[in-house]
Amino acid sequence: MDALDRKILAQLEGDGRLTVTELSERVGLSLSPCHRRVRALEDCGVIRGYRAQLDAHSLGLEFAALVFVTLTGSKAVAEFEQAVAALDNVIQAQRLFGEPDYLLHVVVRDLSAFQRFYDERLTTLPGMHRMTSTLVMKDVVANRPLTAAMAG
């Protein structure tokens, strides 16, 4: 990956709806080579897809929580991960080194919806030993482009 690929990625992270013509103009490359580079970045998995970024508050999902989970043992990992993947309100789940074992990012409409989700869905997850949660006050940094991290 060279500087031109990084420029292409930065432009697409900023606006995934760019046409190849617009993209080629922004990065200073003719149309065909730009298209080939984008295809190569897609084919090798650097670009995994394109999607719209939605505003949770505008969709009525005004309550966010971080849930920390510790499992009873390593035998529960696969079953736990499969169960978490089926929970639509978990918008991100990360397995961690050390304790706790997992960090779940949960969004719901309000506090009572979170209480129901916590009581009825989260506490019933397989292999659960301990669970704690904290509420998100506000997003300070969200969806920062990965190309920004590459520059650092």
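Predicted model, so just to flag it, every value in this text is computed and none were measured. (Residues numbered from 1 in each chain as written. Predicted model: local features only at pLDDT ≥ 70, side-chain atom pairs only at ≥ 80, totals over all residues. Heavy atoms only, no water.)

K.L.:
I would appreciate a short explanation of the pattern of salt bridges in the present structure.
P.N.:
Close approach of charged atoms allows side chains with opposite charge to pair. Within the structure shown, the criterion is met by four salt bridges. The shortest N-O distance in the salt bridge between Arg37 and Asp5 comes to 2.8 Å. Here the residue Arg37 occupies a position in helix α3 (residues 31–43), and Asp5 occupies one in helix α1 (residues 3–14), the gap between them amounting to 32 residues. On the basis of relative accessible area, Arg37 is assigned to the partly exposed category, the value being 24%. Classification of Asp5 as buried rests on a relative accessible area of 12%. The residue Glu99 makes a salt bridge to Arg130 at a minimum N-O spacing of 2.4 Å. Note that Glu99 is positioned in the loop between β2 (90–95) and β3 (102–108) and Arg130 in strand β4 (residues 128–135), a separation of 31 residues in sequence. (Salt bridge = Lys/Arg side-chain N within 4 Å of Asp/Glu carboxyl O. Helix = DSSP H or I, 4+ residues; strand = E, 2+ residues; numbered from the N terminus. Buried < 20%, exposed > 50% of the residue type's maximum accessible area, 1.4 Å probe, protein only.)

K.L.:
Sorry, what's going on with a nonpolar patch on the surface here?
P.N.:
A contiguous nonpolar patch, built from Met1, Val46 and Met150 and spanning about 280 Å² of accessible area, is present on the exposed surface. With respect to the helices and strands, the residue Met1 is situated in the segment before α1. Judged by relative accessible area, Met1 falls into the exposed class, the value being 53%. (Patch = residues over 30% accessible without salt bridge, like charges linked within 9 Å, V, L, I, M, F, W, Y side chains within 5 Å. Areas by Shrake-Rupley, 256 points an atom, 1.4 Å probe, with all protein chains shown as cover.)

K.L.:
I would appreciate a short explanation of α3 in the present structure.
P.N.:
The periodicity of an α-helix, 3.6 residues per turn, causes residues three or four places apart in sequence to face the same way. Between its first and last C-alpha atoms α3 spans 18 Å; for 13 residues at 1.5 Å apiece the expected length is 18 Å, and the two agree. Within α3, the full set of buried residues consists of Cys34, Val38 and Leu41. The arc that holds the buried residues of α3, viewed along the axis, is 60°, so those residues lie on one side. Away from its buried face, by an angle of more than 90 degrees, α3 presents the exposed residues Arg36 and Asp43. On its buried face, α3 sits against α1 and α2 (20–27). A positive backbone phi angle near 90° is found at Gly45, which sits one or two residues after α3. (Expected span 1.5 Å × (residues − 1). Arc of directions from axis to C-beta. Contact = heavy atoms within 4.5 Å.)

K.L.:
What exactly am I supposed to notice about the environment of Gln115 here?
P.N.:
Its location among the elements puts Gln115 in helix α5 (residues 111–120). You can call Gln115 partly exposed: its relative accessible area is 49%. Separated by 30 residues in the primary sequence, Gln115 and Pro145 place their C-alpha atoms 32 Å from one another.

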